[in-house]
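# Tertiary structure, described
The residues making up each chain are set out below.
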Amino acid sequence: MHQYLKAIGFENIRTRDDLTDLLDDVKERFTQQTIVSYRPGEDFCEIKREYGQCIGISLCGELDENEIFKPDYYFPYFQGSGISTYAEIAVERKIEKEQYVGMCEDSRIGISLIFTLQNGIEYMRERQAGFVSEITTSVTLSGLSMAGVVLLPVVKNEHQIKNEKEASDNRKMLINAARNGDQTAMETLTLDDIDTYSQVSRRLANEDVFSIVDTYFMPYGIECDLYSIMGEILAVRRRKNILTGTEVYQMKLDVNEMQFDVCVPVDSVMGEPEIGRRYKGTIWLQGYINF
């Protein structure tokens, strides 16, 4: 069963029978259905069941010529808000099933972001209509988290905030130049990283690492769409899973100047989330391409 069912309030799913009952509920009481031509005599079908505001389960499979639905896979989802990034996006199909992952590069993060595509069936429809595989458009990112910690913010004066903003803007320009093959920009970035490493090493002798590092976004484990993050909380809402009654936090975070939403069970968060504080945890990254 899917590990991140817990993130949307289904910690009570412990056996295969529990999962079967849940997926039967999705099939019988779905709130959205989308069908796209797939192969001769077969259509690809996605049905969704909402279990609270912006959270639910998506069940995907084939619809044969007798309109019999044959489930292939499912996944929990959390719909984010706003626009997280504008970038050139590459989409690839997974090897074993008709599910898609997207990849984009954002100079604010400094790494390639890989995410599970929430609207894969829309991508299939766009591809049939002649959608180019790599196109610059907007993406709404969101993350499912099973547990996390709330940290206090780092106190800064106006001069420090201004200097950090200038340094961040300069780094983004250097990263973009390096991607275009600028050798000088590559060398400058390398020297900056060496300087940063030496400064952090000196400060760690007397300071805690989380008073030095404001936010971070880095790959976690061996799964390509899992990330360890820490970001400033911009907004926080408390929602409830209508089937289980489990409460979840839905937080908008600012991570390395990129904004996206994260959903995590209330009982699994250490600390009290409030605007201005920071959230630290591991997320499964999802993305919705705005075609």
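My aim in this report is to walk through the structure given alongside it, one point at a time.

Scoring rules and cut-offs
- Residues numbered from 1 in each chain as written.
- Predicted model: local features only at pLDDT ≥ 70, side-chain atom pairs only at ≥ 80, totals over all residues.
- Heavy atoms only, no water.
- Salt bridge = Lys/Arg side-chain N within 4 Å of Asp/Glu carboxyl O.
- Helix = DSSP H or I, 4+ residues; strand = E, 2+ residues; numbered from the N terminus.
- Buried < 20%, exposed > 50% of the residue type's maximum accessible area, 1.4 Å probe, protein only.
- Phe/Tyr/Trp six-rings, centres within 6.5 Å; stacked < 30°, edge-to-face > 60°.
- Lys NZ or Arg CZ within 6 Å of the ring centre and 35° of its normal.

### A closer look at the pattern of salt bridges
A full pass over the atoms with the stated rule returns 9 salt bridges. Put simply, Lys 27 and Asp 24 hold a salt bridge, and the shortest N to O gap is 3.7 Å. With Lys 27 and Asp 24 both in helix H1 (residues 16-28) and 3 residues apart, this pair spans about one turn of that helix. Classification of Asp 24 as partly exposed rests on a relative accessible area of 29%. In this structure, Lys 97 engages Glu 96 in a salt bridge whose closest nitrogen and oxygen atoms are separated by 4.0 Å.

### Some thoughts on the packing of aromatic side chains
If you walk through the whole model with that rule in mind, you get 6 aromatic pairs. On the basis of an interplanar angle of 15° and a centroid distance of 6.4 Å, the ring pair of Tyr 73 and Phe 75 is categorised as stacked. There is no split in this pair, since Tyr 73 and Phe 75 are both buried. Site record: aromatic cluster; members linked through ring pairs are Phe 217, Tyr 227 and Phe 260. In this structure, Lys 48 is placed above the aromatic ring of Tyr 77, and the distance from its NZ or CZ to the ring centre is 5.0 Å.

### A short note on unusual backbone geometry
Backbone geometry at Asn 256 places phi at a positive 55°, although glycine is not the residue there. Here Asn 256 shows up in the loop between strand E11 (247-255) and strand E12 (258-265). In this structure, Glu 257 is a non-glycine residue whose phi angle is positive, near 70°. Inspection of the secondary structure assignment puts Glu 257 in the loop between E11 and E12. Classification of Glu 257 as partly exposed rests on a relative accessible area of 31%.

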